[in-house]
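Chain residues, written in single-letter form:
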Amino acid sequence: MTIEHNPMMLLKTRRFLPLFTTQFLGAFNDNVLKQALLLLITFQGGEVMGLSPALMVQVASGLFVLPMFLFSASAGQIADAFDKATLIRWVKLAEIGIALIAAAGFFFKLVPLLLTALFLMGLHSTVFGPLKYSILPQHLHNDEVVGGNAWVESGTFVAILLGSIIGGLLIAVPGTGPMWAGCACVVLAASGWLASLSIPAAPPLGQVKLNWNPFSEIAQNMRIAARNRTVLMGMMGISWFWFYGAMLLSQFGPFVKDTIGGSEHLSTFLLSTFIVGIALGSLLAERASGGKVELGLVPLASLGMTVFGVDLYFASPATPHQGIDVAGFVAMPGSWRLMADLALIGVFGGLYTIPLYALIQTRCEPAYRSRIVAANNILNAGFMVASAGYAFFALNQGASIPQMFLYAALMNIAVAAFIYSLVPEFMQRLLVWLLVHTFYRVSAKGYENIPAEGPAVVVCNHVSFVDPLILMAESRRPIRFVMDHRIFKMPIINFVFKEGRAIPIAPAKEDAAMLEAAYDEVAKTLEAGEIVGIFPEGRITDSGDLSPFKAGVTRIVERTPVPVVPMALSGLWGSFFSRKDGPAMTKPFRRGLFSRIELSIGKPLSPAEATPDALRAAVAQLRQRP
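Counting from 1, residues in each chain are numbered in the order their sequence is written. Since the coordinates come from a predicted model, pLDDT governs what is reported: local features require at least 70, and pairs of side-chain atoms require 80 or more to be given and counted, while whole-chain, interface and lining totals use all residues. To obtain the side-chain values, all non-hydrogen atoms of the structure were included, while hydrogens and water were left out.

**Student:** For this particular structure, what's the right way to read the overall build of the protein?
**Tutor:** Scanning the protein for helices and strands turns up 22 helices and 7 strands. The C-alpha atoms of the protein give 27 Å as radius of gyration, which agrees with the globular expectation for 626 residues (25 Å, within 12%). Between two residues, a contact is recorded if the distance between any of their heavy atoms is within 4.5 Å. Excluding contacts between residues fewer than 6 apart, the proportion of contacts in the protein whose partners are at least 24 apart in sequence is 82%. Entry remark: accessible area of the protein is about 24600 Å², with carbon and sulfur atoms responsible for 65%. Measuring between centres, the 46 positive side-chain charges of the protein sit 2 Å from its 40 negative side-chain charges. Only DSSP runs of H or I reaching four residues or more are called helices, and only runs of E reaching two or more are called strands; each is numbered from the N terminus. The atom set for the radius of gyration is the C-alpha atoms, and the globule formula is 2.2 Å times the number of residues raised to the power 0.38. Using a 1.4 Å probe, accessible areas were evaluated by the Shrake-Rupley method; residue-level cover was limited to the displayed protein chains. Working convention for charge: Lys and Arg count positive, Asp and Glu count negative, and His plus the chain ends are omitted. For charged residues, the charge sits on one atom: NZ in Lys, CZ in Arg, CG in Asp, CD in Glu.

Laid out in structure tokens, this is it:
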């Protein structure tokens, strides 16, 4: 059973559970160390190395992400060159040594030694990052990749939460807190290494010539990423989230202390609302995506991040209280609004990042996957360093922490507009997702019959004007539809078809040049390894029955022999967009909202088998499938 049926099944497989556990424990350890150190500086350290606690927090956060910027490119090529499971075990062994350095720093309360351990833990995470993301598509089926990412991300943020809580609780133990924090780091590192021993092998997918110059490798990785604008903009979107999120995470302690007037425990409590929100949003993204990469969630999520980020500014107290604890804060007027803002920023953050992570994993060249992930990590690190610089500058200019949150939320609008203007596919997918999920509830069967890669033609019965939109929404791979040029020009949905690169076609007697151009474009699309969608009836049904199939598919596969996948839509006849009882779109509320429809996907036919009669018979049989 795949994740589309039961996401929990992934956690029972050796293909995923050991990696998930290893990642969880690593993130847990990172945050025990980081949170214990940040709270030690914020609440117990006074000025450290001549810097105020708020500024020292930014220095520590910058040290943690600096290795990601410097060494991610090298980590990516190493991950592509060797067995990923073996590399993970070596990385986890190194983590034990780093944890021992951290333990010594906590025991002797040596902040420089702790900062060294924090830098090395950032280096450990830098090497581990390309491994964990590039190994997922090797071990998981195509319909499990989104779910695998959702579990990894939600698990990571739960680990961040637990690590932050445990780190905060341990460092707050009178007298012996630092010692307990150091011991926890060692135990977690050893546990992560033990979990890594069960990760299945993941050999390299191509030959890699190692380049040990990190700066030229950074440039090379960015050139590889830039080959695909959609992937590059996905990386930019993820990096912006880490700019926003890193600022929120690093300023939680000072925000609680200086703006609210709370304790370490209140800092941990409010941090938990944000992180639980991200974990829930990650799992919600998997459910809303239906096991496929659903880019339509990204614009919706970015809007939510802005709305609740702005409201966080207005929900923040105008004057701090004195030594308020969790119970006192919850009893305050407006506290629930502030907690809701933090939680919903997290929820929309999870909805935002999961489709983007799955996008860069599934649309890049497999042999370069680790290096693409590394390029993403470089951008992430650059944005997180910029986030620390932004906070450092804003604080020095006298901005309050709530004002910093407000400015970042407003900048989110500009970033979103920039990305969506360069890659309109995000907005196109949002319109498709909203249309399908507003009017219909779709039940689909046979996803596995769509080839995971390579060219194919999909054919389907034509019941309504929204048939191509439903197939676009349900397909795990983009489909270029061949459609009547008049439908292509219809208002509103014209944007969807244009950005979906639909191929307009006309009858030979109406426009022979357009007809030939359409067939040429279909051949180019198939030769490029993409999927083409055809409605062989040639028109929307007037009766609800199947019309004879025309010979267009035969002409296509004779020129470019590829598999042909039959599909059947059921339940659309009688809807607002069908021609039942007259022209379509003339009788509102014909079926009401949330109508249930079914999509059945049959086994591919070979080019020789894909005659008009055989395809019509296959579609007719799928329509009758219970």
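Next comes the rest of the account.
**Student:** For this particular structure, what's the right way to read the environment of Arg555?
**Tutor:** Along the chain, Arg555 falls in helix H21 (residues 552-559). Summary of the burial criterion: residues with accessible area below 20% of their type's maximum are buried, those above 50% are exposed, and those between are partly exposed, where the area comes from a 1.4 Å probe applied to protein chains only. Residue Arg555 is classed as partly exposed on the basis of its relative accessible area, which comes to 35%. C-alpha of Arg555 to C-alpha of Tyr519: the two residues are 36 residues apart in sequence and 8.6 Å apart in space. If sequence neighbours within four positions are ignored, Arg555 has contacts with Glu516 and Tyr519.

**Student:** Just checking my understanding: could you explain the packing of aromatic side chains for this structure?
**Tutor:** Each aromatic ring pair is specified by the distance between its two centres and by the angle formed by the two planes. Geometry of aromatic contacts follows a simple scheme: Phe, Tyr and Trp rings, the Trp one being its six-membered ring, pair when their centres are within 6.5 Å, and the pair is stacked under 30 degrees between planes, edge-to-face over 60, tilted otherwise. In total, this model carries 15 aromatic pairs according to the counting rule given. Where Phe255 meets Phe405, the ring centres are 5.4 Å apart and the plane angle is 55°; that geometry is what we call tilted. Residue Phe255 is located in helix H9 (residues 252-260), and its partner Phe405 is located in helix H15 (residues 401-422); the two are separated by 150 residues in the primary sequence. The same class applies to Phe255 and to Phe405, which are both buried. Grouping aromatic residues by their ring pairs yields a cluster made of Phe16, Phe20, Phe24, Phe28 and Trp151. Here, a charge over a ring means that NZ of Lys or CZ of Arg falls within 6 Å of the ring centre while also lying within 35 degrees of the ring normal. Taking NZ or CZ as reference, Lys92 lies 4.7 Å from the ring centre of Phe128, over its face. Across from the ring centre of Tyr519, 3.9 Å away, lies the NZ or CZ of Arg555, which sits over that ring.

**Student:** Help me understand helix H20 (residues 508-527) in this model?
**Tutor:** Since the α-helix packs 3.6 residues into each turn, any two residues three or four apart lie on the same face. Each helix should span, by expectation, one fewer than its residue count multiplied by 1.5 Å. The end-to-end C-alpha distance of H20 is 24 Å, clearly below the 28 Å that 20 residues give at a rise of 1.5 Å each. Within H20, the axis deviates most sharply at Met514, by approximately 50°. Within the sequence span of H20, burial applies to Leu515, Ala518, Tyr519, Val522, Ala523, Thr525 and Leu526. Structurally, H20 contributes buried residues whose contacts are with strand S2 (456-460), strand S3 (479-484), strand S4 (503-505), strand S5 (531-534) and H21. Remark: Gly529 follows H20 within two positions and exhibits a positive phi of approximately 85°. Bend, in this description, refers to the angle at a residue between axes fitted to the seven residues ending there and the seven starting there.

**Student:** Sorry if this is basic, but what is going on with the sheet that holds S5 here?
**Tutor:** Adjacent strands of a sheet pair through backbone hydrogen bonds, lying either parallel or antiparallel. What the 7 strands build is an open sheet, ordered S1-S7-S6-S2-S5-S3-S4; its pairing is mixed. The sheet is open, and its two borders are formed by strand S1 (440-445) and S4, each paired with just one other strand. For this sheet, the mean inter-axis angle between neighbouring strands, taken without regard to orientation, is 25°. Note that S1 and strand S7 (residues 595-601) share 6 bridges and pair parallel. When the bridges of S7 are listed, Tyr440 appears paired with Ser595. Two strands pair if DSSP finds at least two bridges between them. Axis definition: a line fitted to C-alpha atoms, over the contacting stretch in the case of helices. Angles run 0 to 180 degrees between N-to-C directions.

**Student:** Is there a simple way to think about the environment of Pro320 in this case?
**Tutor:** Within the fold, Pro320 resides in the loop between helix H11 (297-315) and helix H12 (326-331). C-alpha of Pro320 to C-alpha of Phe255: the two residues are 65 residues apart in sequence and 9.8 Å apart in space. Pro320 has contacts with Asp258, Thr259, Ile260 and Gly261, leaving out every residue within four places of it along the chain.

**Student:** Even after reading the chapter, I still don't get the pairing of S5, so can you show me in this structure?
**Tutor:** Regular strands have side chains that alternate between both faces of the sheet. Side chains Ile531 and Gly533 of S5 all project onto a buried face; the interleaved residues Val532 and Ile534 project onto the opposite face, where all are buried too. Bridging between S2 and S5 involves 4 bridges; their strand directions are parallel. The residue of S5 that forms the bridge with Ala456 is Ile531. Bridge analysis of S3 against S5 gives 3 bridges, and the strand direction is parallel. Pairing of Phe481 across the sheet is with Gly533, part of S5.

**Student:** How should the state of the cysteines be read in this particular structure?
**Tutor:** Simply put, disulfide is the name for a covalent bond between the sulfur atoms of two cysteines. The disulfide criterion is simple: two cysteine sulfur atoms within 2.5 Å. Counted according to the given criterion, the structure contains 0 disulfides. Just so you know, Cys185 is unpaired, no disulfide at all, and the nearest cysteine sulfur is the one on Cys183, 9.2 Å from it.

**Student:** Sorry, what's going on with the pattern of salt bridges here?
**Tutor:** Any two side chains of opposite charge can pair, so long as their charged atoms come close to each other. The working definition used for a salt bridge is a side-chain nitrogen of Lys or Arg within 4 Å of a carboxyl oxygen of Asp or Glu. Applying the stated rule across the entire model yields 6 salt bridges. Here Glu95 and Lys92 are joined by a salt bridge, their closest N and O atoms 2.9 Å apart. With a gap of 3 residues between them, Glu95 and Lys92 both fall in helix H3 (residues 84-108), about one helical turn apart. Note that Glu516 and Arg555 form a salt bridge whose closest N and O atoms lie 2.8 Å from each other. Of this pair, Glu516 sits in helix H20 while Arg555 sits in helix H21, and the two are 39 residues apart along the sequence.

**Student:** Can you walk me through a nonpolar patch on the surface in this structure?
**Tutor:** On the surface, Phe107, Phe108, Leu110, Val173, Met179 and Trp180 cluster together into a nonpolar patch covering about 600 Å² of accessible area. If you list the elements that add at least two residues to the nonpolar patch, you get H3 and helix H6 (177-196). Looking at the secondary structure, you find Val173 in the loop between helix H5 (145-171) and H6. On the basis of relative accessible area, Val173 is assigned to the partly exposed category, the value being 30%. In this scheme, patches are assembled from residues that exceed 30% relative accessible area and form no salt bridge. Like charges are connected within 9 Å, while nonpolar side chains (Val, Leu, Ile, Met, Phe, Trp, Tyr) are connected within 5 Å.

**Student:** When you look at the side chain of Lys92 in this model, what are you seeing that I'm missing?
**Tutor:** Judged by relative accessible area, Lys92 falls into the buried class, the value being 0%. Under this definition, polar contacts are N or O atom pairs within 3.5 Å; protein pairs additionally need one hydrogen-donor-capable and one acceptor-capable atom, and for neighbouring residues in sequence, both atoms have to be side-chain atoms. Looking at Lys92, its side chain comes within polar contact range of the side chain of His124, at 3.0 Å. Once residues lying within four places of it in the same chain are set aside, the contact partners of Lys92 are Thr22, Gly26, His124, Phe128, Ala189, Gly192, Trp193 and Ser196.

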